[in-house]
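Inside the fold
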Amino acid sequence: MRNARIAGTGRYLPDKVVTNHDLAKIMDTSDEWIRERTGIQERRFFAQGKDTTANMGTRAARMALENAGLQPKDIDFIIFATLSPDYNFPGSGVLVQEELGIREVGALDIRTQCTGFVYGLSIADQFIKTGMYNTVLVIGSEIHSSGLDLTTRGRAVSVLFGDGAGAAVLQATEDKERGILSTHLHSEGKYAEDLAVVDPGSSRDIPRVNVEMIEKGSVFPVMNGNHVFKHAVQRFPEVILESLHQNGYEPKDLDMLIPHQANLRISQFVQKTLGLSDEQVFNNIMRYGNTTAASIPIAMSEAWEQGKIKEGDLVCLAAFGSGFTWASALIRW
Ligand SMILES: CC(C)(COP(=O)(O)OP(=O)(O)OC[C@H]1O[C@@H](n2cnc3c(N)ncnc32)[C@H](O)[C@@H]1OP(=O)(O)O)[C@@H](O)C(=O)NCCC(=O)NCCS
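Definitions and cut-offs
Residues numbered from 1 in each chain as written. Predicted model: local features only at pLDDT ≥ 70, side-chain atom pairs only at ≥ 80, totals over all residues. Heavy atoms only, no water. Near = heavy atom within 4 Å. Polar contact = N/O pair within 3.5 Å; in protein donor to acceptor, adjacent residues only side chain to side chain. Areas by Shrake-Rupley, 256 points an atom, 1.4 Å probe, with all protein chains shown as cover. Helix = DSSP H or I, 4+ residues; strand = E, 2+ residues; numbered from the N terminus. Nonpolar A, V, L, I, M, F, W, Y, C, P; charged D, E, K, R; others polar. Pairing = 2+ DSSP bridges. Axes fitted to C-alpha atoms, helices over the stretch in contact; angles between N-to-C directions. Contact = heavy atoms within 4.5 Å. Buried < 20%, exposed > 50% of the residue type's maximum accessible area, 1.4 Å probe, protein only. Domains from an automatic or database assignment. Buried area = accessible area lost by both parts, 1.4 Å probe. Salt bridge = Lys/Arg side-chain N within 4 Å of Asp/Glu carboxyl O.

1. What to know about the site of the ligand
- In the region of the ligand, 22 residues are neighbours, and Thr29, Arg37, Gly225, Asn226 and Asn263 sit closest.
- Trp33 is positioned such that a nitrogen or oxygen atom in its side chain is 3.2 Å from an oxygen atom of the ligand.
- Within the side chain of Arg37, one N or O atom sits 3.1 Å away from an oxygen atom of the ligand.
- When the ligand is considered free in solution it has 970 Å² of accessible area, and contact with the protein chains removes 70% of it.
- Mapped by element, the contributors of at least two residues to the shell around the ligand are helix H2 (31–38), helix H6 (155–158), helix H8 (225–246) and strand S12 (314–321).
- In terms of residue count, H8 provides more of the shell around the ligand than any other element does, 4 residues in total.
- Of the residues contributing to the shell around the ligand, the split by class is 11 nonpolar, 8 polar and 3 charged.

Structure follows, in structure tokens:
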């Protein structure tokens, strides 16, 4: 069986920088509170009328294709991970197919939130391993800022999130030592409402949208922050070790861990638990906040550009988030 390797990565970040000080002007918060608890200093917000979840994904995809030395016409399949799609339906993947102007390949949207990119990578890996496709585009793209409660009522959640997109092009390789070595996917639905947007559009409500939802704020994300934190610091190390041990490795063998950028404190906790050095863990949450499905491909793209991951390196991607879901991928780059 052949392997799937990452042939190129790309990213797109909207121009508008929103600092913690900017947020403190519109809600009761402070730079100190946000930095101390999350490590975030600033994030990006999209430009209405210019950026969409799909077209940000397309821009990231173009960069990934260029880095891979490929053309849009080379893509056999599109996987699009987002919790903030352009429409309730159809998914954003079909819009990318149109924007890239490619033939009528399949386009699959997946919704596992912060783990969306790793889940997407796993799906792409299976399609390539079985020989069904040679080249698969995996995108994570999010516009959070239009869906956050940017008032004091929503501050515990809204200071965490930012907008952005990242992408990777996966290609088949006959080199068994290279590419995605394994992926590991998990979920625990009993915690579904610990990090969720319940309304509008919930199929159990008649009508699906009403004024009460807006008044009580159930159209905004809710999070049981302490609970999420406790589970994250347990599940991240678990799923990273699962991927390492399945392939006969230990944390010391890792060249780079790219964790989903949820919170710098979570990443530091994971680093300490696994005994990793600063050089072995990539963090950029300081500049972008949590961009959910986009955070790992944005980080991969920056790490590659900065020379922090190189050909032959052992790289682990790991994520935890809403669902709860958690996942990892071990890659020989
Ligand atoms: C969200 C998180 C930073 C909150 O930190 P915390 O230390 O647990 O803070 P708490 O929620 O206990 O709130 C402490 C106080 O700060 C207040 N507060 C909440 N958000 C605030 C903000 N943005 N600015 C200022 N004060 C804030 C709270 O109202 C509370 O005030 P009180 O003590 O008077 O009631 C933390 O729980 C966390 O990081 N959780 C994981 C989140 C995450 O990673 N989610 C994404 C997963 S993919």
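2. What to know about the sheet that holds strand S5 (residues 106–110)
- An order of S1-S7-S6-S4-S5 is seen for the 5 strands of this open sheet, with the pairing classed as mixed. Strands with a single pairing partner mark the edges of an open sheet, and in this sheet they are strand S1 (3–12) and S5. Looking at each pair of strands side by side, their axes are set apart by 20° on average, direction ignored.
- Both S1 and strand S7 (residues 164–173) contribute to a ladder of 9 bridges, which runs antiparallel. Along S7, the bridge assignment pairs Arg11 with Gly166.
- Lying on the sheet, helix H3 (residues 53–68) is in contact with S1, strand S4 (77–81), strand S6 (135–142) and S7; it crosses S1 at an angle near 125°.
- In the packing of helix H4 (residues 93–100) onto the sheet, the strands contacted are S4, S5 and S6, and the crossing angle to S4 comes to about 130°.

3. Side note on the side chain of Thr112
- Note on placement: Thr112 falls in the loop between S5 and helix H5 (116–129).
- The buried category is assigned to Thr112, whose relative accessible area is 14%.
- Each residue touching Thr112, except ones within four places of it in the same chain, is listed here: Tyr119, Ser322 and Thr325.

4. Focus on the domain arrangement of the protein
- Assigned domains of the protein: these are domain 1 (3–177) and domain 2 (180–332).
- Distance from the C-alpha centre of domain 1 to the C-alpha centre of domain 2: 14 Å.
- Taken residue by residue, the interface counts 55 residues in domain 1 and 48 residues in domain 2.
- Taking both partners together, domain 1 and domain 2 bury about 3900 Å²; carbon and sulfur atoms supply 62% of that area.
- Together, Arg11, Cys114 and Val118 form the three largest contributors to the area buried by domain 1 at its contact with domain 2, with a combined 16%.
- Between domain 1 and domain 2 we count 2 salt bridges in total.
- Between Arg11 and Glu302 there is a salt bridge whose closest N-O contact spans 3.7 Å.
- Across the domain 1-domain 2 interface, the total number found is 21 residue pairs in polar contact (both at pLDDT 80 or more).
- Every element with two or more residues in the side of domain 1 that touches domain 2 is listed here: S1, H2, strand S3 (42–45), H5, S6, H6 and S7.
- With 9 residues, the single largest contributor to the side of domain 1 that touches domain 2 is H5.

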